[in-house]
Amino acid sequence: MTKKQKIILWIGVGIAGVLLLTILLVGLIVPGIMRLYCKLEYRDWIDAYSRENDLDPYLVSAVIFCESKFDPSAVSGAGARGLMQVMPATGEEIAEILKEEFAPDRLFDPETSIRYGTKYLRMQLDRFDNNEAIVLAAYNAGPHRAEQWLNDYGLDSQGHIAYIPFGETDRYVDKVLSMREVYRLLYWDAFPAE
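This section reports on the structure supplied with the text. (Residues numbered from 1 in each chain as written. Predicted model: local features only at pLDDT ≥ 70, side-chain atom pairs only at ≥ 80, totals over all residues. Heavy atoms only, no water.)

Assignment of secondary structure puts Thr118 in helix H5 (residues 110-127). Residues in contact with Thr118, not counting those within four places in the same chain, are Tyr49, Ser50, Asn53, Leu55, Val60 and Met84. (Helix = DSSP H or I, 4+ residues; strand = E, 2+ residues; numbered from the N terminus. Contact = heavy atoms within 4.5 Å.)

Listed below in structure tokens is the structure:
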């Protein structure tokens, strides 16, 4: 091997080493940065109540992220409260089903919010034949609206409501489904398999 070939080889090895190091650093740093933005709190309750209601905990995590960004004191303009942004009337309905006393301020309690929110998601999944896209539209805009849109516009080729006239709800459905995959990638080991 000539001196020139050795230099070219060493340059190639050096470039490959830098690329490998860059890939490793990006692989370690980017998920860490993403986890700062896409935090996952209340993991035990998400896991427990997702199991209790036969839900994907990554979907529940995505709903919480999109609804409140994991802020238990969040309140929407419409009056929804807590992590999963449950409306007081819905909370009262769920408390009645669970045979519990209800006070609207209980929706700020993280465990109560997750328990009620997951119960409500389960109720909507049962109502809409386990179609998550329809359920998310119902969660955001109300089940009666989702049912009306389903009747008026039917389903598209992906199983989503073909037309959602509320831009916020349309974006919400897509965002939650996308964020579920982000949570699944970032926290692949967060929820033990059964």
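This part covers the environment of Arg35. Among the structural elements, Arg35 can be located in helix H1 (residues 3-37). Note on Arg35: relative accessible area 34%, which makes it partly exposed. Sequence-wise, Arg35 and Tyr187 are 152 residues apart; in three dimensions their C-alpha atoms are separated by 8.5 Å. Among all residues touching Arg35, those that are not within four sequence positions of it are Leu186, Tyr187 and Asp189. (Buried < 20%, exposed > 50% of the residue type's maximum accessible area, 1.4 Å probe, protein only.)

In a regular helix each residue adds 1.5 Å, so 18 residues correspond to 26 Å; H5 covers 25 Å between its end C-alpha atoms and thus fits that length. In terms of burial, H5 is largely enclosed, as 14 of its 18 residues are buried. Remark: Asp129 follows H5 within two positions and exhibits a positive phi of approximately 50°. (Expected span 1.5 Å × (residues − 1).)

This paragraph deals with the packing of aromatic side chains. In this structure the tally under the stated criterion is 9 aromatic pairs. Consider the rings of Tyr153 and Tyr163, whose centres lie 5.0 Å apart with planes at 80°: the pair is edge-to-face. Here Tyr153 is found in helix H7 (residues 143-153), whereas its partner Tyr163 is found in the loop between H7 and helix H8 (167-186), with 10 residues between them in sequence. Residue classification places Tyr163 among the partly exposed positions, given a relative accessible area of 44%. Among the aromatic residues, those joined into a ring-pair cluster are Phe65, Phe70, Tyr183 and Tyr187. In this structure, Lys69 is placed above the aromatic ring of Phe65, and the distance from its NZ or CZ to the ring centre is 4.9 Å. (Phe/Tyr/Trp six-rings, centres within 6.5 Å; stacked < 30°, edge-to-face > 60°. Lys NZ or Arg CZ within 6 Å of the ring centre and 35° of its normal.)

A few words now on the layout of surface pockets. Size it by volume and the largest pocket reaches roughly 390 Å³. Among the secondary structure elements, those contributing two or more residues to the lining of the largest pocket are helix H6 (132-141) and H7. Class assignment of the residues belonging to the lining of the largest pocket gives a composition of 10 nonpolar, 5 polar and 3 charged. (1 Å grid on protein atoms, 1.4 Å probe; cavity = no way out; pocket = protein on both sides within 12 Å on 5 of 7 lines; lining within 4 Å. Points joined across faces, edges and corners; volume = space filled by probe spheres on them. Nonpolar A, V, L, I, M, F, W, Y, C, P; charged D, E, K, R; others polar.)

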